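# Chains, contacts and geometry: an overview
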Amino acid sequence: MAQQRRVQLSTQRPTSTVCVLGTELSLDVCGSAPKDAVTFHVQGTPGVKVYVVHDTQSVKLPSSVSRWPLATSAEVLLSMDALSKDVGDEKVRISYFGEAGGVPVGRAMLYLTCVEVSLDADTTRGGTASRTLLDKATWTWGPDGHGAILLVNCDRDDPTAKMLDNSDTAIRSYDDLKDMSQMVLRTRGPRTIFTGHRLILHVDYSDADKVGVFYGGNSVALEEYKHVLGGSKLAYTIKPSRHQEESIFYVEGLTFPDVGFSGLVAFHVTLLESPEKVQLPFSRTLWYSACVDNNEDFVAAVGAVAEKAKCPLTVCPPLENRQDRWIQDEVEFGYVQAPHKTFPVVFDSPRDWGLKDFPVKSILGPDFGYVARQAPEGSSSLDSFGNLEVSPPVTVQGKEYPLGRILIGSSFPRLGGRRMAKAVKDFLTAQKVQAPVELFSDWLTVGHVDEFLSFVPAPDRKGFRLLLASPSACYQLLKEKQEEGFGEAAMFHGLQGVPRTTITEILADEGLRKFNSYVQSCINWNRDILKRSLGLAEPDILDIPQLFRGDTARGAEAFFPDMVNMLVLGRHLGIPKPFGPHVGGQCCLEERVRALLEPLGLTCTFIDDYFSYHVLSGEVHCGTNVRRKPFAFKWWHMVP
């Protein structure tokens, strides 16, 4: 399956984007649909291949069907086979129709530019970098094997040198350069696209100490070759010139395969659309912290949800939590399992705030284990376990993950970004059977994955839905209510000391809209990763309306209580009360979330956490923790 990227559309203004050769674009046709639309029609120019996915069947357009039902399972996929000659020279138009048909009730226009971005190495083992769009992610042994081979540059070409050639970040001779493997970045297409975008070559954090990468631009002089990747350098921004389609990098190996290192490393290249966008049923027990100040109502509301779910509660009293209410961030719960016995284990984070003694003093005991990993380099917010989640069981391209996959947040690969402590990440990876997926969360002020995603059970499809925070869905809802005549309905009604903001004021705030467009691009990045890594299709995902505020320097925070940051106790959900505009006597945000979740058999209880948690940059999920029953599946039955 081709790599896929989600594109948001708008009936208010045209959308422009880049399609990279060999990839697909998935159009959000439902998210941009006018409220009265029931069907849609897709039309593209000759250079665009258009497919409509409906009821799991993919139909290439044009076809005998001219209009498609507008349902949550509907998806439009695009690809392009030829490079663009000019920016925006190919187009796709989505026309929306109401019950009566006839004239469209709205149109969304997408302008496309196709470019090639190809990172090539000697995958055929013939001595030169092979130009291909296929099969770069595999490596096989044997005389007919496939995949690039990298020399460990462990000789000493300069007899006067005191160390091995790969022990520093300099190239001292042309013989040293010849020991390195070439990696070629090729870019083709309208050159103005590349001057207006950023190309970033990056390496995974876990691979950064295994390789060194050098780049000399167009020069042949040794002194022009600079060390650009490896060690603390995780990313390098390339600026292709108007006349240069190829950039040649030289790569050296730093270490041989050994315990903890298979010998395989991965390089990635990413085209960023805008320079400013990225600085880039269980049995269970519920825990929460009871604080001295102002969370009594929250505790009572959580207790009511737990009672509905018949879930026992454990309270961490003030003397033990030392005014630390973020119990989700301090610990996670798992279990150890052998053929003869299973017992729960608390995983203690390196965070160590007020709750740091609680796991050992109050949880560790007979048949309740304890494990911890420290961060000798110093912990960051991303070491808190609101940044550690696990998906439900999934199957991805035929590979089963019956215990789910671990989800952790990190930074976009760049020097200076926050990321989970290496000791914690290495520990999670070493467990094998839940193969961690690294997401991009550093765009948030706090930086936790539970700020933009959650999972809820469902009776169909994969047995669950992935919930994603969605500024686009929120703007669509508010625009819909404004068009219905409720533009003066205000947020935060009933909250003392909180300025009320009307729907019209929110929609007119261009700074807020621009920032939320950036946030949506970050969430879309993660959406694509989650679809690939968890084997999901669009109908497996629900977009929960949510807005954020902040800036790209200090990060994003929830504009109103973050509804995806919820407590899930089976089919009973404790959701942060959003205090949205009242339309027809009820909060339109709550109404929309109920409409999305209640058809799945879920019950929604909205909990007021505004002053006790939200203003402190957290929500319901952050203030609670749940221990769930172990899976019946035995971990040793899995083939990692």
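- An unreviewed UniProt entry annotates the protein as protein-arginine deiminase of Amazona collaria.
- Turning to the protein, the UniProt annotation filed under Subcellular location (unreviewed entry) states: "Cytoplasm".
- Per its UniProt entry, the protein bears the Sequence similarities (unreviewed entry) comment "Belongs to the protein arginine deiminase family."

## Here's the deal with unusual backbone geometry
- Along the chain, Leu61 connects to Pro62 via a cis peptide bond; the corresponding omega equals 0 degrees.
- Locating Pro62 in the fold gives a position in the loop between β6 (57-60) and β7 (68-69).
- For Arg125, which is not glycine, the phi dihedral falls at a positive 60 degrees.
- As for its position among the elements, Arg125 is in the loop between β10 (106-120) and α1 (174-178).
- Accessibility expressed as a relative area gives 28% for Arg125, which makes it partly exposed.
- Unusually for a residue other than glycine, Asp352 sits at a positive phi of about 55 degrees.

## Let's talk about the packing of aromatic side chains
- Going through the model one piece at a time under the given rule, you end up with 19 aromatic pairs.
- Their ring planes at 45 degrees and their centres at 4.8 Å tell us that Phe347 and Phe385 sit as a pair that is tilted. Highlighted residues: Phe347 in strand β21 (residues 341-348) and Phe385 in the loop between β22 (369-372) and β23 (388-390), separated in sequence by 38 residues. We note that Phe347, like Phe385, is buried.
- Measuring from centroid to centroid gives 5.8 Å for Trp443 and Phe548, while their planes differ by 75 degrees, and the two rings are edge-to-face. Taken together, the positions of Trp443 in the loop between β27 (437-440) and β28 (453-457) and Phe548 in strand β33 (residues 548-551) put the pair 105 residues apart, joining distant regions of the chain. Here Trp443 and Phe548 have matching classes, each one buried.

## Thoughts on the UniProt feature "active site" (unreviewed entry) in the protein
- If you check UniProt for "active site" (unreviewed entry), the listed places come out as Asp329, His448, Asp450 and Cys622 in our numbering. Judged by maximum C-alpha separation, these annotated positions cover 294 residues in sequence but sit close together in space, the widest gap being only 10.4 Å.
- In this fold, Asp329 is placed in helix α5 (residues 327-330).
- Those residues within four positions of Asp329 in sequence are excluded, and the remaining contacts are Ser349, Arg351, Ser384, Phe385, Gly386, His448 and Cys622.

## Describing the environment of Arg373
- Of note, Arg373 is situated in the loop between β22 and β23.
- Note on Arg373: relative accessible area 31%, which makes it partly exposed.
- A sequence separation of 76 residues divides Arg373 from Asp297, and the C-alpha atoms of the two residues are 34 Å apart.
- When near neighbours in sequence (up to four residues on either side) are disregarded, Arg373 contacts Phe347, Asp348, Pro350, Ala423, Val424 and Phe427.

## Considering the packing of helix α8 (residues 471-486) against helix α10 (residues 510-534)
- Contact geometry for α8 and α10: axes closest at 8 Å, N-to-C directions at 135 degrees. In this view, α8 runs oblique relative to α10, as classed from their interaxial angle. Residues Pro471, Ser472 and Tyr475 of α8 pack against Leu512, Arg513, Asn516, Val519, Gln520 and Ile523 of α10.
- Across the contact of α8 with α10, the residue classes tally to five nonpolar, three polar and one charged.

## Notes on the state of the cysteines
- Taken as a whole and judged by the stated rule, the model has zero disulfides.
- Considering cysteine sulfurs only, Cys587 is the nearest to Cys604, which forms no disulfide, with 12 Å between them.
- We classify Cys604 as buried; its relative accessible area is 8%.

Conventions used here
- Within each chain, residues carry numbers counting from 1 in the order of the written sequence.
- Restriction of local features to residues with pLDDT of at least 70 applies here, the model being predicted, together with a cutoff of 80 or more for giving and counting side-chain atom pairs; totals for whole chains, interfaces and linings are based on all residues.
- Note: side-chain values were computed over all heavy atoms of the structure, leaving out hydrogens and water.
- UniProt positions are given in the numbering used here, feature names are shortened, and annotations may be inferred rather than shown by experiment.
- Helical segments are the DSSP runs of H or I of at least four residues, strand segments are the runs of E of at least two, and each set is numbered from the N terminus.
- Summary of the burial criterion: residues with accessible area below 20% of their type's maximum are buried, those above 50% are exposed, and those between are partly exposed, where the area comes from a 1.4 Å probe applied to protein chains only.
- Side-chain rings of Phe, Tyr and Trp, where Trp is taken by its six-membered ring, are said to pair if the distance between their centres is within 6.5 Å; with planes under 30 degrees apart they count as stacked, over 60 as edge-to-face, and otherwise as tilted.
- Any two residues whose heavy atoms approach within 4.5 Å at even a single point are treated as in contact.
- Note on definitions: angles span 0 to 180 degrees between N-to-C directions of axes, and those axes are lines fitted to C-alpha atoms, for helices only across the stretch in contact.
- Each angle receives one of four descriptions, namely roughly parallel if under 35 degrees, roughly antiparallel if over 145, roughly perpendicular if within 65 to 115, and oblique otherwise.
- Three residue categories are used. Nonpolar comprises Ala, Val, Leu, Ile, Met, Phe, Trp, Tyr, Cys and Pro, charged comprises Asp, Glu, Lys and Arg, and polar comprises the others, including Gly.
- Any pair of cysteine sulfurs within 2.5 Å is marked as a disulfide.

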